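# Understanding the architecture of this molecule
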Amino acid sequence: MEQLKLGIPKGSLESATVDLFKKAGWQISISSRSYFPTIDDEEIKCSLMRPQEMAKYVERGTIDVGIAGRDWVRENQSDVIELCEMVYSKVSRRPARWVLVVNGDSKVKGPEDLRGATVSTELVGFTKRYFAERNIPVNVEFSWGATEAKVVEGLCDAIVEVTETGSTIRANGLRIVTELMESVPVMVVNKASWEDPWKRAKIQQIATLLQSALRAEGMVGLKMNAPGTKVPAITAILPSLNNPTVSNLYNSDWVSIESIMPEQEVRRIVPELLKLGAEGIVEYSLNKII
Ligand SMILES: Nc1ncnc2c1ncn2[C@@H]1O[C@H](COP(=O)(O)OP(=O)(O)OP(=O)(O)O)[C@@H](O)[C@H]1O
Ligand SMILES: O=P(O)(O)OC[C@H]1O[C@H](OP(=O)(O)OP(=O)(O)O)[C@H](O)[C@@H]1O
Ligand SMILES: [Mg+2]
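Note that the structure is predicted; figures quoted are calculated from it, not measured.

It is worth spelling out the site of ligand 1 at this point. Taken together, 15 residues lie around ligand 1, and Ser12, Arg50, Gln52, Asp71 and Glu164 are the ones closest in. Within the side chain of Asp71, a nitrogen or oxygen atom sits 2.4 Å from an oxygen atom of ligand 1. For ligand 1, the accessible surface in isolation is 590 Å², of which the surrounding protein chains cover 76%. Of all the secondary structure elements, the ones that give two or more residues to the shell around ligand 1 are α2 (51-60) and α3 (70-76). Looking at the shell around ligand 1 residue by residue, the class counts come to five nonpolar, five polar and five charged. Domain assignment of the residues forming the shell around ligand 1 places at least three in each of domain 1 (4-91 + 185-216) and domain 2 (96-182).

So, in structure tokens, the structure goes:
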């Protein structure tokens, strides 16, 4: 039987990725010391890999497809297909940002003020390219982690670090000078695997379902009954993906109206719907929007 080799990012994105697969319809279980998670789909074989190395293994064909932050895919400059992006992070649904950071009391206003300075980061290649493109000579030093502490301790003049909520930067009394790049998880595919019809179909199945699970987040369905005469007024104010669905109620001049919308719109729209004569309003949650 054919099998698709799939790389799951170990570390910051690990549990968010497993949660997303669950919403998409696959149960992945990771036992504590094994690097080969089990998945309830015999057509897939999972491996846990560091996102820093994911694109390299995809390029070589060790795995067919992997999920890793775009930051590390760029850093590696690997020859892979970046099939799609998926906007999720460690704790939120916002992109992670790589930022240039200095001490709160530093006088640095922009990257140009860092001529001759030492910049510490895990993302060495990208950071070197960033300063070189701007003709700013800096000494970029590789950091194994806990990078924020280095600028606090005076081991460097600035750092380039990833931030999501900003709480690490705040907790260390640091200041963002500028943003260098936004990063979201991307699905990267081996070029030969993409030419294999079976693998391509399987990869597309996974990508579609992951995307549709993400798309459904924060969205709800709203359904109501209303007098037929009110359809123009109600549909005019009702948010929807395309257009609301309107269907006839049996033996009645009332209709049923149904629409998909962001959950936060509901509290605004319900009083207006009631004013327009809607009744029996039902809100329901969605698993996927395909
Ligand atoms: N706090 C965060 N919020 C959102 N994304 C993050 C966060 N930290 C890391 N990432 C993303 O996760 C991926 C891996 O990050 P990173 O290189 O920091 O490794 P890690 O998984 O956090 O492991 P480690 O604990 O060694 O730092 C990157 O693509 C990065 O953009
Ligand atoms: O803006 P925030 O939400 O505070 O996130 C930023 C922090 O998250 C990452 O650390 P991680 O959790 O990967 O721990 P690490 O020190 O092991 O890298 C990153 O290296 C920052 O330190
Ligand atoms: Mg980290």
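What follows concerns the sheet that holds strand β14 (residues 245-248). The strands making up a sheet associate through hydrogen bonds between their backbones, and the pairing can be parallel or antiparallel. An order of β14-β15-β13-β16 is seen for the four strands of this open sheet, with the pairing classed as antiparallel. In this open sheet, the two strands that pair with only one neighbour each are β14 and β16 (279-285). Ignoring strand direction, the axes of neighbouring strands in this sheet form an average angle of 20 degrees. Pairing of strand β13 (residues 219-227) with strand β15 (residues 254-262), which is carried by nine bridges, proceeds in the antiparallel orientation. If you follow Met219 over to β15, its bridge partner there is Pro262. Along the sheet, helix α10 (residues 263-275) makes contact with β13, β15 and β16, crossing β15 at roughly 155 degrees.

Moving on, we get to the side chain of Glu164. On the secondary structure map, Glu164 appears in the loop between β10 (158-163) and α6 (167-171). Of the side chains with opposite charge, Arg94 lies nearest to the buried Glu164, which makes no salt bridge, at 5.7 Å. Looking at Glu164, its side chain comes within polar contact range of the main-chain nitrogen of Val91, at 3.0 Å. At 2.7 Å, the side chain of Glu164 forms a polar contact with the backbone nitrogen of Ser92. Apart from residues no more than four positions distant in its own chain, Glu164 is found in contact with Ser89, Lys90, Val91, Ser92 and Arg94.

Around ligand 2, the structure places Ser12, Lys90, Glu148, Glu161, Val162, Thr163, Glu164, Thr165, Gly166, Ser167 and Thr168. Glu148 places a polar side-chain atom, nitrogen or oxygen, 2.8 Å from an oxygen atom of ligand 2. Within the side chain of Thr165, one N or O atom sits 2.5 Å away from an oxygen atom of ligand 2. For ligand 2, whose free accessible area comes to 490 Å², the fraction covered by protein is 65%. Of all the secondary-structure elements, those providing two or more residues to the shell around ligand 2 are β10 and α6. Per element, the largest residue contribution to the shell around ligand 2 is three residues, and it comes from β10.

Turning our attention to the packing of aromatic side chains. Inspection of the entire model under this criterion finds four aromatic pairs. Centre to centre, the rings of Trp72 and Trp98 are 6.4 Å apart; their planes meet at 85 degrees, and the pair counts as edge-to-face. One end of the pair, Trp72, is in helix α3; the other, Trp98, is in strand β7 (residues 96-103), and 26 residues separate them in sequence. Each of the two residues, Trp72 as well as Trp98, counts as buried.

Further remarks concern helix α1 (residues 14-24). At 3.6 residues per turn, the α-helix brings residues three or four places apart onto the same side. Three or more residues of α1 are buried, namely Glu14, Ala16, Thr17, Val18, Leu20, Phe21 and Ala24. Where α1 is buried, its residues meet β1 (4-9), β2 (28-29), β4 (44-49), β5 (65-69) and α8 (197-216). Count one or two residues on from α1 and you reach Gly25, which has phi positive near 115 degrees.

Another point: the confidence of the model for the chain. The predicted coordinates of low-pLDDT regions are not to be read in fine detail. For the chain, the mean per-residue pLDDT works out to 96, and 100% of the residues sit at or above 70. Both scores are available for the predicted complex, with the pTM at 0.87 and the ipTM at 0.91.

What counts and how
- Residues numbered from 1 in each chain as written.
- Chains lettered and ligands numbered in written order.
- Predicted model: local features only at pLDDT ≥ 70, side-chain atom pairs only at ≥ 80, totals over all residues.
- Heavy atoms only, no water.
- Near = heavy atom within 4 Å.
- Polar contact = N/O pair within 3.5 Å; in protein donor to acceptor, adjacent residues only side chain to side chain.
- Areas by Shrake-Rupley, 256 points an atom, 1.4 Å probe, with all protein chains shown as cover.
- Helix = DSSP H or I, 4+ residues; strand = E, 2+ residues; numbered from the N terminus.
- Nonpolar A, V, L, I, M, F, W, Y, C, P; charged D, E, K, R; others polar.
- Domains from an automatic or database assignment.
- Pairing = 2+ DSSP bridges.
- Axes fitted to C-alpha atoms, helices over the stretch in contact; angles between N-to-C directions.
- Contact = heavy atoms within 4.5 Å.
- Buried < 20%, exposed > 50% of the residue type's maximum accessible area, 1.4 Å probe, protein only.
- Lys, Arg positive; Asp, Glu negative; His and termini not counted.
- Salt bridge = Lys/Arg side-chain N within 4 Å of Asp/Glu carboxyl O.
- Phe/Tyr/Trp six-rings, centres within 6.5 Å; stacked < 30°, edge-to-face > 60°.
- pLDDT = per-residue confidence, 0-100.

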